Number of protein chains: 4
Amino acid sequence: MSAPEDRPELGIAVVGHSFMGAVHSHAWRTVDHVGRPRFRTRRRVLAGRDAGRAAAAAAQFGWDEGVGDWRALLERDDVHVVDILTPGDSHAEIAIAALEAGKHVICEKPLAKTVEEAERMTAAAEAAAARGVRSMVAFNYRQVPAVGLARQLVAAGRLGTVRQVRAVYLQDWIVDEEFPLTWRLQADRAGAGSLGDIGSHIIDAAQFITGQRLVSVSGTTETFVKQRPLPAAEAGVGTGLSATASTEMGEVTVDDAAVFFGRGDGGALMTFEATRMALGRKNGMKIEVNGSAGSVAFDFESMNELWFYDGTVPAPENGFRRIFATEPEHPGVANWWPAGHGLGYDHPFVHELQEFLSAIADGRDPAPSFAEGLQVQRVLEAVQRSADNDSVRTPV
Amino acid sequence: MSAPEDRPELGIAVVGHSFMGAVHSHAWRTVDHVGRPRFRTRRRVLAGRDAGRAAAAAAQFGWDEGVGDWRALLERDDVHVVDILTPGDSHAEIAIAALEAGKHVICEKPLAKTVEEAERMTAAAEAAAARGVRSMVAFNYRQVPAVGLARQLVAAGRLGTVRQVRAVYLQDWIVDEEFPLTWRLQADRAGAGSLGDIGSHIIDAAQFITGQRLVSVSGTTETFVKQRPLPAAEAGVGTGLSATASTEMGEVTVDDAAVFFGRGDGGALMTFEATRMALGRKNGMKIEVNGSAGSVAFDFESMNELWFYDGTVPAPENGFRRIFATEPEHPGVANWWPAGHGLGYDHPFVHELQEFLSAIADGRDPAPSFAEGLQVQRVLEAVQRSADNDSVRTPV
Amino acid sequence: MSAPEDRPELGIAVVGHSFMGAVHSHAWRTVDHVGRPRFRTRRRVLAGRDAGRAAAAAAQFGWDEGVGDWRALLERDDVHVVDILTPGDSHAEIAIAALEAGKHVICEKPLAKTVEEAERMTAAAEAAAARGVRSMVAFNYRQVPAVGLARQLVAAGRLGTVRQVRAVYLQDWIVDEEFPLTWRLQADRAGAGSLGDIGSHIIDAAQFITGQRLVSVSGTTETFVKQRPLPAAEAGVGTGLSATASTEMGEVTVDDAAVFFGRGDGGALMTFEATRMALGRKNGMKIEVNGSAGSVAFDFESMNELWFYDGTVPAPENGFRRIFATEPEHPGVANWWPAGHGLGYDHPFVHELQEFLSAIADGRDPAPSFAEGLQVQRVLEAVQRSADNDSVRTPV
Amino acid sequence: MSAPEDRPELGIAVVGHSFMGAVHSHAWRTVDHVGRPRFRTRRRVLAGRDAGRAAAAAAQFGWDEGVGDWRALLERDDVHVVDILTPGDSHAEIAIAALEAGKHVICEKPLAKTVEEAERMTAAAEAAAARGVRSMVAFNYRQVPAVGLARQLVAAGRLGTVRQVRAVYLQDWIVDEEFPLTWRLQADRAGAGSLGDIGSHIIDAAQFITGQRLVSVSGTTETFVKQRPLPAAEAGVGTGLSATASTEMGEVTVDDAAVFFGRGDGGALMTFEATRMALGRKNGMKIEVNGSAGSVAFDFESMNELWFYDGTVPAPENGFRRIFATEPEHPGVANWWPAGHGLGYDHPFVHELQEFLSAIADGRDPAPSFAEGLQVQRVLEAVQRSADNDSVRTPV
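In this convention, every chain numbers its residues from 1, walking through the sequence in written order. Here every chain gets a letter starting at A, and every ligand a number starting at 1, in the order they are written. Only residues with pLDDT of at least 70 are given local features in this predicted model, and only at 80 or more are side-chain atom pairs given and counted; all residues enter the totals for whole chains, interfaces and linings. Here the side-chain values reflect all heavy atoms present in the structure, with hydrogen atoms and water set aside.

Our next topic: the overall build of chain A. Secondary structure summary: chain A contains ten helices and 17 strands in total. For 396 residues, the compact-globule formula gives about 21 Å, and the C-alpha radius of gyration of chain A, at 21 Å, lands near that figure. Counting only C-alpha atoms and orienting by the principal axes, one finds that chain A spans roughly 60 × 60 × 40 Å. Burial classes follow relative accessibility: with a 1.4 Å probe on protein chains only, a residue under 20% of its type's maximum area counts as buried, one over 50% as exposed, and anything between as partly exposed. Within chain A, the fraction of its 396 residues that count as buried is 67%. Only heavy atoms matter for contacts: two residues are in contact if any of them lie within 4.5 Å across the pair. Once local pairs closer than 6 in sequence are excluded, the contacts in chain A between residues at least 24 apart make up 72%. Secondary structure is summarised from DSSP: a helix means a run of H or I of at least four residues, a strand means a run of E of at least two, and numbering begins at the N terminus for each. Every radius of gyration here is taken over C-alpha atoms, with the globule rule written as 2.2 Å times N^0.38, N being the number of residues.

And the structure:
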């Protein structure tokens with residue numbers, strides 16, 4: 001016996017099939033079964049740059065078919081959503097075309113290579129929204145339950161006035177000077193280095209949690225390893241960040257590390273560091289927020305925990321408390337496992353799709369919108385301008 | 001374009017649809033897309049005790065259909081695997097019938113309510129194996145990459161002679177005296193209390209990691225809360241351990257906590273504690289192993305970490321090192337995410353299915369076998385006998 | 001200009017000058033200057049077994065003189081306090097003689113080699129108390145601020161009914177099979193092995209924190225390394241546990257590890273493990289207490305922290321909180337440093353002397369008394385009897 | 001019997017008797033008994049601003065006498081060492097006078113209120129050194145064994161090329177807006193706020209560990225609370241940072257928080273934050289150093305631990321290792337307690353005095369010298385200039 005199904009169905013397409021392709025595909029396979037989204041979804045098509053490899057990836061990741069050109073998606077009536085997972089240099093073109101073709105769009109971060117592109121994307125998103133077509137930029141760390149809880153505590157006034165934020169994103173996957181020059185290390189493909197790739201995450205997280213937007217920044221960047229071997233030709237379906245080196249060398253055109261500080265529009269003093277050279281730190285996205293009444297601290301390497309210091313507790317029995325953010329009341333958790341049975345890297349991507357589908361059903365814009373993605377892009381650009389100008393304070 | 005598919009397909013059935021139903025369904029939905037198992041799998045049917053609720057659960061969790069009686073599975077040619085997720089009192093009947101019907105069986109732990117049942121199940125499994133029909137008991141914690149790494153380190157001699165093990169499994173979900181008397185608190189349904197439910201996990205983990213089997217034990221059990229409200233009638237599809245109380249009271253017939261120690265056949269001294277009354281500990285399955293040359297420590301609340309002390313490192317620069325068990329070389333990880341992007345509670349269930357499918361393809365018994373489940377059952381029973389006999393040392 | 005001093009002075013003598021001699025001497029040098037004890041103290045004399053080495057130790061540790069025989073102290077009018085730091089086999093003789101000579105006595109733990117000795121010491125202490133002469137057994141871990149805070153929380157009802165205790169004391173200094181057979185490994189000198197030496201600490205701590213006394217126990221012990229080299233002749237003034245091996249071998253007559261569980265007189269189920277073979281654990285004295293309303297956890301390797309779970313906090317924002325036990329309100333802290341400026345291993349010894357001096361001034365018995373030391377001795381003996389009798393439950 | 005004593009004796013004087021007076025006095029009382037310094041020391045005189053309070057403090061802290069004017073020390077033949085613990089505005093005057101009077105000087109940090117003062121002090125120190133008179137600035141965190149170990153690992157090449165440093169010093173003792181305007185919050189007394197008080201510590205620690213000196217910085221500062229109650233009149237002998245408020249208000253003239261980044265002369269990118277507003281962080285002096293071959297991390301709230309990531313260990317078994325820096329081989333530890341028996345806030349002050357006394361005996365300058373203190377002062381001043389100039393990169 002089968003239960004009747006009367007929810008409308010959305011046909012989904014993804015563009016891209018490496019690391020993010022694997023993660024988003026897992027999320028699309030899962031989202032139907034966690035809670036009850038208001039749409040059923042069907043994984044119609046995976047687009048790549050090569051038809052054969054796209055077909056293999058589609059089979060691997062559970063899509064009906066693979067195609068070698070994302071433009072093919074625009075014509076199809078059975079595709080209602082385009083999920084963009086490509087390097088940053090193609091976001092603007094794909095997203096704008098998809099929105100104009102009436103497809104809802106979810107796009108990986110950072111939104112674009114440049115502020116100018118992000119502005120065009122945002123304009124396209126706003127035009128599309130007027131026609132009921134939705135768009136979202138995929139800052140997945142917002143969807144970590146512990147991060148959502150942090151935002152709730154700030155919003156509820158539990159931290160008082162937010163005065164300080166310190167956020168770092170520490171990775172180490174390019175410490176080895178022989179690690180090859182993949183697209184993430186090429187300015188013309190990725191747009192930016194660690195600043196754009198992972199710095200954008202902590203900018204968004206800091207603004208998301210505190211509700212404050214950065215209004216000025218001072219920063220600097222560094223490329224410790226100036227030359228790297230070019231990568232060997234790509235092959236197969238990869239799910240990670242690893243790569244194989246060839247013997248030819250090329251110039252690294254993005255930063256290895258970026259540091260900056262700035263002020264929020266609510267007066268908070270915020271510090272940031274994004275680096276892929278912090279040996280031993282694998283995915284150390286950490287953020288601490290101090291307010292006049294409380295503090296919170298988060299480290300993605302222990303992603304199910306939020307540390308909360310409630311300043312109203314008497315000093316002799318106060319301390320940071322380790323909230324295991326796996327209770328049903330925590331954002332996104334209710335439809336998963338019992339308390340204490342933690343989530344992993346991929347679960348927040350399901351929450352992201354839940355938000356996306358809910359917003360479509362509600363007829364509202366999902367969060368974060370392209371406009372929010374644009375604002376992050378403006379921060380990135382201001383940091384770069386500051387870095388190019390002796391770190392002088394630069395308005396966003 | 002679609003890639004050609006020539007792997008044979010197995011039809012899967014699950015029996016049960018509460019907490020374990022949700023988790024196993026997620027794993028079955030996922031296993032096809034993580035690496036390339038040698039079978040494709042199709043989620044044919046979910047069996048419950050009520051046809052309507054089974055149909056709803058099937059729709060929710062992604063099965064083709066739901067049925068109200070597991071016996072219906074035995075006849076079906078399109079079902080090759082039966083995955084048993086029911087309370088312990090029905091494991092023996094279902095598993096033996098399924099094996100006799102030629103279905104491969106994976107059965108939740110603890111294997112059975114009694115040693116006698118487990119012996120019959122093991123006999124059935126061995127008879128079935130002779131016909132190429134496979135069976136496995138689902139000790140999921142073995143499949144946590146950090147736990148698998150611990151076993152690898154012991155097996156490679158990195159710990160030297162294993163001398164001590166301390167294992168605890170700490171939960172707190174029945175601390176509230178008003179928590180109702182669900183099936184897990186009824187001896188005739190669950191077979192045992194915390195000793196069987198979670199004690200079985202740490203017995204298996206200790207033996208798995210060390211390669212030593214317990215040969216004698218001394219223990220005691222305690223029921224701190226002797227009476228609880230009966231549960232309100234069940235409704236809907238739940239994924240957790242929570243429940244609603246009625247106003248009628250009933251007697252708790254299982255233990256709230258069990259503690260015991262014992263000796264391994266390799267001479268190790270091992271201590272165990274299983275409790276659902278450790279307020280603040282949500283799923284604190286922790287194990288530490290000390291050998292003559294090294295130590296490892298694991299805590300499921302930080303499930304992506306294995307702490308390893310390598311005694312060969314000079315003292316002034318030695319210390320427990322926090323291995324983030326998310327490297328591609330770690331057991332089960334290669335097909336997931338990049339290093340540092342941790343897994344959650346559910347991913348090891350995928351690894352479990354990978355082992356199950358590989359063993360079927362290889363024509364070998366998966367691990368852990370019913371025989372291993374039986375041995376754990378014998379330990380549980382020896383602990384209970386010791387507890388009933390002034391904690392005197394009792395052979396397994 | 002000097003401030004006038006009108007507090008009475010006590011002359012102090014210590015017996016013993018190895019590890020505990022160094023620590024107690026530091027505490028005696030310090031106690032006058034932390035807060036304002038009601039007695040001034042003068043470090044009169046250090047007694048050893050060899051006059052020359054005692055004189056060297058006295059000079060090193062800051063005593064007026066050194067003597068080669070503790071009996072010399074009994075006659076001296078300028079000695080009011082005898083602090084006994086010798087191996088356990090001489091505690092009874094020295095303590096009883098000192099008490100009979102009218103000296104206040106503080107004696108290292110465990111109180112004695114046997115229950116019979118401890119009984120005689122307690123009788124002597126009680127007779128002395130009737131004459132205003134005080135005695136104390138030196139369970140220093142009670143004096144750790146975080147441990148004192150744990151007791152306060154239990155006493156204030158913040159944990160509700162205490163249901164479970166798990167206490168371990170993990171060291172690794174004899175893992176190396178070539179570590180020599182020092183007095184601590186000889187039953188006739190030390191009385192007991194890890195059970196007596198460090199097991200006594202966690203028994204006392206568990207009873208101190210919970211206010212419950214153990215009434216029955218089941219245990220076992222193990223000597224993993226049966227033979228060790230005899231130590232080379234002692235030389236110089238040592239402050240630690242290290243030693244040099246000779247080439248001759250001897251039999252180890254104490255346990256390397258002991259594990260046991262038991263019941264408190266308030267119904268708590270308690271587990272214990274004492275071992276010197278937990279490779280990588282240097283001084284891992286850890287205790288966790290779970291009650292119906294809260295839990296606390298402590299680890300001496302992070303001795304300034306108490307972890308407290310207050311069950312009355314709503315679940316979504318609850319978690320173990322790390323109380324940094326360095327606030328002025330915490331037991332013993334007020335006269336030390338500002339919050340966050342942690343204490344070390346030696347500071348609780350100062351607190352111990354503060355309690356000792358306060359009790360003398362108050363005309364009351366200090367805590368813990370010899371009677372408490374005797375009760376711990378009875379627990380140790382019951383564990384040993386249980387271990388000798390197939391771990392059967394044995395009344396204390 | 002007393003051991004003969006033939007070491008020369010130094011007469012010691014301290015100037016100041018609040019928090020640092022308590023800590024240094026404890027260290028001076030202790031240093032004679034930890035190892036065997038080449039000088040005996042006698043605690044001759046404590047100088048304050050009020051003779052009566054100085055006498056009381058002298059009695060409390062164990063000095064022969066107290067005097068109301070530090071100038072009295074200069075004439076005394078029995079004073080060989082002057083230890084300066086006063087607010088920063090008097091360092092220069094006292095230190096220069098003492099050096100000119102032929103006294104060895106140890107001076108609390110930051111060295112002075114201004115670079116100009118620090119330059120005069122350094123000139124005086126260098127002139128004095130030519131006459132065999134020694135001087136030292138008291139950066140106590142250098143003396144933490146874990147910090148010393150970090151430096152050793154860098155110096156031994158275990159981290160390879162140091163590329164990044166992130167250092168924060170987080171306190172929260174002035175979060176409360178009613179906390180009074182003590183001297184540490186007054187620019188004319190303290191010289192600087194958190195930047196000078198605690199920022200100076202992390203600048204020194206970063207340079208000490210890495211061996212690199214900051215050559216340029218960009219920074220900003222913030223005073224979140226602009227007005228505070230004036231303190232009530234001081235009374236008694238205090239050992240901490242606490243204070244009592246009056247009803248009158250005054251303007252806060254120092255920063256509450258300072259953030260900056262900079263470059264080391266070896267190319268490292270370093271970030272710094274000093275704040276007294278990080279609610280819940282009591283004394284969170286944390287530093288992490290990433291090199292091409294390894295990383296270290298330290299947090300003073302767990303001061304006995306150094307976390308070391310050795311990049312040469314194969315990835316699948318690598319991780320940050322928690323070195324418990326209590327082994328006899330660790331800097332400063334050998335004369336304290338056995339491994340695992342941790343030190344506290346005060347012990348490094350003893351190490352500092354050991355270095356000071358050793359240097360006097362050796363006829364060399366102790367480390368850190370006044371010249372090093374001057375260089376830190378120059379960094380502080382460059383940060384302030386950058387902060388006053390839109391955070392523009394400013395050479396040191």
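Having seen the structure, we can now continue with the description.
Before going further, it helps to examine the relation of the copies chain D and chain A. A least-squares superposition brings the copies together, and it is based on the C-alpha atoms of residues with pLDDT no lower than 70 in both. Note on the copies: chain D fits chain A at an RMSD of 0.0 Å, the axial shift is 0.0 Å, and the rotation between them is 180°. Read as a symmetry element, the transformation amounts to a two-fold axis. Using C-alpha coordinates, one finds that chain D approaches the rotation axis most closely at D:Val392, a distance of 2.1 Å. The share of interface residues of chain D whose copies in chain A are also at the interface is 100%, consistent with both copies meeting through the same surface.

Both trends apply: most residues other than glycine have a negative phi, and most peptide bonds are in trans. Residue B:Pro368 follows B:Ala367 across a cis peptide bond; omega there is 0°. Structurally, the position occupied by B:Pro368 is in the loop between helix H9 (347-362) and helix H10 (370-388). The residue C:Asp390 is not glycine, and still its phi comes out positive at about 60°. Within the secondary structure layout, C:Asp390 lies in the loop between helix H10 (370-388) and strand S17 (394-395). The phi torsion at C:Ser391 lies on the positive side, around 65°, for a residue other than glycine. For C:Ser391, the position within the fold is in the loop between H10 and S17.

A few words on the side chain of C:Glu301. With respect to the helices, strands and loops of the structure, C:Glu301 is situated in the loop between strand S14 (294-299) and strand S15 (305-310). Here a polar contact means two N or O atoms within 3.5 Å. Within protein one must be a hydrogen donor candidate and the other an acceptor candidate, and residues neighboring in sequence count only if both atoms are side-chain atoms. Side-chain polar atoms of C:Glu301 contact the backbone nitrogen of C:Lys282, separated by 2.9 Å. Residues within four places of C:Glu301 in sequence aside, it is in contact with C:Arg281, C:Lys282, C:Asn283, C:Gly284, D:Glu305, D:Arg322 and D:Phe324.

A few words now on the domain arrangement of chain A. Residues and elements named next belong to chain A. Per the annotation, domain bounds derive from an automatic or database assignment of domains. Annotation of chain A at the domain level lists domain 1 (9-138) and domain 2 (141-343). Computed from C-alpha atoms alone, the centre-to-centre distance between domain 1 and domain 2 is 24 Å. Each partner contributes residues to the interface: domain 1 has 19 residues there, and domain 2 has 21 residues. Definition used for salt bridges: Asp or Glu carboxyl oxygen within 4 Å of a side-chain nitrogen of Lys or Arg. Counting across the domain 1 and domain 2 interface gives two salt bridges. Between Lys-109 and Asp-197 there is a salt bridge, with the nearest N and O atoms lying 3.2 Å from each other. Between domain 1 and domain 2 we count five residue pairs in polar contact (both at pLDDT 80 or more) in total. When residues of the side of domain 1 that touches domain 2 are traced back to their parent elements, those giving at least two are helix H1 (19-31) and helix H2 (51-61). It is H2 that provides the largest number of residues to the side of domain 1 that touches domain 2, a total of four residues. Residue composition of the side of domain 1 that touches domain 2, by class: nine nonpolar, five polar and five charged. For this classification, the nonpolar set comprises Ala, Val, Leu, Ile, Met, Phe, Trp, Tyr, Cys and Pro, the charged set comprises Asp, Glu, Lys and Arg, and every other residue, Gly included, is treated as polar.

Attention shifts here to the packing of aromatic side chains. Any two of the Phe, Tyr and Trp rings considered here, Trp counted by its six-membered ring, make a pair once their centres fall within 6.5 Å; the pair's planes then place it as stacked at under 30 degrees, edge-to-face at over 60, or tilted in between. Counted according to the given criterion, the structure contains 44 aromatic pairs over all chains. Look at B:Trp307 and D:Trp307: their rings are 5.8 Å apart centre to centre, the planes differ by 70°, and that puts the pair in the edge-to-face class. Taken together, the residues span two chains, with B:Trp307 in strand S15 (residues 305-310) and D:Trp307 in strand S15 (residues 305-310). Its relative accessible area of 22% is what places D:Trp307 among the partly exposed residues. Between C:Tyr141 and C:Phe300, the aromatic rings sit 5.0 Å apart at their centres with planes inclined by 75°, giving edge-to-face as the arrangement. Residue C:Tyr141 is located in the loop between strand S6 (135-138) and helix H6 (145-155), and its partner C:Phe300 is located in the loop between S14 and S15; the two are separated by 159 residues in the primary sequence. We classify C:Tyr141 as buried; its relative accessible area is 2%. Relative accessible area serves as the criterion here: at 3%, C:Phe300 is assigned to the buried category. Among the aromatic residues, ring-to-ring pairing joins A:Phe19, A:Tyr141, A:Tyr169, A:Phe300, A:Tyr345, A:Phe349, B:Trp336 and B:Trp337 into one connected group.

Moving on, we get to the interface of chain D and chain A. Residue-level contacts link 46 residues of chain D with 46 residues of chain A. In this description, buried area is defined as the sum, over both parts, of the accessible area (probe of 1.4 Å) that is lost when the two are combined. The junction of chain D with chain A conceals about 3,600 Å² of combined surface from both sides, 52% of it contributed by carbon and sulfur atoms. Summed over the shared surface of chain D and chain A, the number is ten salt bridges. A:Arg163 is the partner of D:Glu177 in a salt bridge, and the nearest nitrogen-oxygen pair spans 2.9 Å. Grouping the amino acids of the side of chain D that touches chain A by side-chain chemistry returns 18 nonpolar, 16 polar and twelve charged.

This part takes up the interface of chain D and chain B. Taken residue by residue, the interface counts 19 residues in chain D and 19 residues in chain B. Summed over both partners, the interface of chain D with chain B comes to about 1,400 Å²; 49% of that surface belongs to carbon and sulfur atoms. Together, D:Pro316, D:Glu317 and D:Arg321 form the three largest contributors to the area buried by chain D at its contact with chain B, with a combined 43%. At the boundary of chain D with chain B, the tally comes to four salt bridges. A salt bridge links D:Arg158 to B:Glu317; its shortest N-O distance comes to 2.7 Å. For the pair chain D and chain B, the interface holds eight residue pairs in polar contact (both at pLDDT 80 or more). If you list the elements that add at least two residues to the side of chain D that touches chain B, you get helix H5 (145-155), S15 and strand S16 (319-324) of chain D.

Glancing now at the pairing of strand S8 (residues 214-222) of chain C. Residue and element names in this part refer to chain C. Along S8, seven of the nine residues are buried, which leaves the element largely enclosed by surrounding structure. Two elements, S8 and strand S11 (residues 257-264), share eight bridges in a ladder whose sense is antiparallel. Note on S11: the bridge partner recorded for Leu-214 is Gly-264. DSSP bridges decide pairing: two strands pair if at least two such bridges lie between them.

Every α-helix carries 3.6 residues per turn, so stepping three or four residues along brings you back to the same face. Residue and element names in this part refer to chain B. Listed in full, the buried residues belonging to helix H2 (residues 51-61) are Ala-54, Ala-55, Ala-57, Ala-58 and Phe-61. Down the axis of H2, the sector holding all buried residues measures 165°, keeping them to one side. Considering only its buried residues, H2 is in contact with helix H1 (19-31), strand S2 (40-47) and strand S3 (65-67). Where H2 begins, the capping side chain belongs to Asp-50, and its oxygen is found 3.1 Å from the backbone nitrogen of Gly-52. Starting at the helix axis, one direction is taken to each C-beta atom, and the arc is that of these directions.

Of the two same-sequence chains, chain D is brought onto chain B (RMSD 0.0 Å, axial shift 0.0 Å) by a rotation of 180°. The fraction of interface residues of chain D whose copies in chain B are also interface residues reaches 100%, indicating that both copies meet through the same surface.

Residue and element names in this part refer to chain D. Read from one edge of the open sheet, six strands run S3-S2-S1-S4-S5-S6, paired in parallel fashion. The sheet is open, and its two edges are formed by strand S3 (65-67) and strand S6 (135-138), each paired on a single side. Pairwise comparison of adjacent strand axes, ignoring direction, gives a mean angle of 25° for this sheet. Pairing geometry for strand S2 (residues 40-47) and S3, over three bridges, is parallel. Note that in S3 the partner of Ala-47 across the bridge is Val-67. Between N-to-C directions, angles cover 0 to 180 degrees, with each direction set by a line fitted to C-alpha atoms, over the stretch in contact for helices. Sitting on the sheet, helix H2 (residues 51-61) is in contact with S2 and S3, with an inclination near 155° to S3. The strands that helix H9 (residues 370-388) touches are strand S5 (104-108) and S6; relative to S6, the one it contacts most, it runs at about 40°.

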